[in-house]
Amino acid sequence: MAYDPGAAAGEPHHKTEYRIIAQALSETLFFNYARDEGRFVLVINPEHPFYKIIYKPLLDADTPAEAALRGYLDLLLLSMARTEALLDRETDIKVAEAIRKGWSDTLATLLNS
């Protein structure tokens, strides 16, 4: 998956390659992200209830509507992670990490109730 943020993001034109992988995280986060050789990698935690209840069934789905829904969900998650990755002040990064952890934990609680 490649995306050119272009003028809308106020950045010079260049392609960013995005990759989404499922990998267990040591934290309770639903997702985390990393940069790897020019790629932006979204790491989705397969141990999180959102993955088990919603994401994995969409990943395994075979209808065009379900595939499209998963694609939109991928874009939502990528946009959340990418926005957080644009932060550069240490205090802002810490706040964003805390919000992502709180959001992940709240999501898990709501899905498990």
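Presented here is a report on the structure given in the accompanying data block. (Residues numbered from 1 in each chain as written. Predicted model: local features only at pLDDT ≥ 70, side-chain atom pairs only at ≥ 80, totals over all residues. Heavy atoms only, no water.)

Quick notes on the packing of helix α1 (residues 49-60) against helix α2 (residues 64-85)
- Across the interface, α1 lies against α2 with an axial gap of 8 Å and an inter-helix angle of 125°. Accordingly, the angle class assigned to the pair α1 and α2 is oblique. Residues Phe50, Tyr55, Leu58 and Leu59 of α1 touch α2, and the partners they reach there are Glu66, Leu69, Arg70, Leu73, Asp74 and Leu77.
- Broken down by class, the residue content of the contact of α1 with α2 amounts to seven nonpolar, no polar and three charged. (Axes fitted to C-alpha atoms, helices over the stretch in contact; angles between N-to-C directions. Helix = DSSP H or I, 4+ residues; strand = E, 2+ residues; numbered from the N terminus. Parallel < 35°, antiparallel > 145°, perpendicular 65-115°, else oblique. Contact = heavy atoms within 4.5 Å. Nonpolar A, V, L, I, M, F, W, Y, C, P; charged D, E, K, R; others polar.)

Section: the packing of aromatic side chains
- The tally for this structure, following the rule as stated, stands at seven aromatic pairs.
- Residues phenylalanine 30 and phenylalanine 50 carry aromatic rings whose centres are separated by 4.8 Å and whose planes lie at 65° to one another, so their mutual orientation is edge-to-face. With phenylalanine 30 in the loop between β2 (16-22) and β3 (31-36) and phenylalanine 50 in helix α1, the pair connects residues that are 20 residues apart, well separated along the chain. The same class applies to phenylalanine 30 as to phenylalanine 50, namely buried.
- Between phenylalanine 30 and tryptophan 103, the ring centres sit 6.2 Å apart and the planes meet at 55°, which makes this aromatic pair tilted. Of this pair, phenylalanine 30 sits in the loop between β2 and β3 while tryptophan 103 is found in helix α3 (residues 90-111), placing the two residues 73 residues apart along the sequence.
- With relative accessibility at 0%, the residue phenylalanine 30 sits in the buried group.
- Connected via pairs of aromatic rings, a cluster forms that spans Phe30, Phe31, Phe50 and Trp103.
- One Lys or Arg, arginine 100, reaches over the ring of phenylalanine 31 and ends 5.7 Å from the middle of that ring. (Phe/Tyr/Trp six-rings, centres within 6.5 Å; stacked < 30°, edge-to-face > 60°. Buried < 20%, exposed > 50% of the residue type's maximum accessible area, 1.4 Å probe, protein only. Lys NZ or Arg CZ within 6 Å of the ring centre and 35° of its normal.)

A word on the side chain of serine 104
- By the secondary structure assignment, serine 104 is in helix α3.
- Taking the relative accessible area as the measure of exposure, serine 104 reaches 0% and is therefore buried.
- Setting aside its immediate chain neighbours within four residues, serine 104 contacts Thr28, Leu29, Phe30, Phe31 and His48.

Side note on α1
- The end-to-end C-alpha separation of α1 is 16 Å, in line with the 16 Å expected for 12 residues at 1.5 Å each.
- Within α1, burial applies to Pro49, Phe50, Tyr51, Tyr55 and Leu58. (Expected span 1.5 Å × (residues − 1).)

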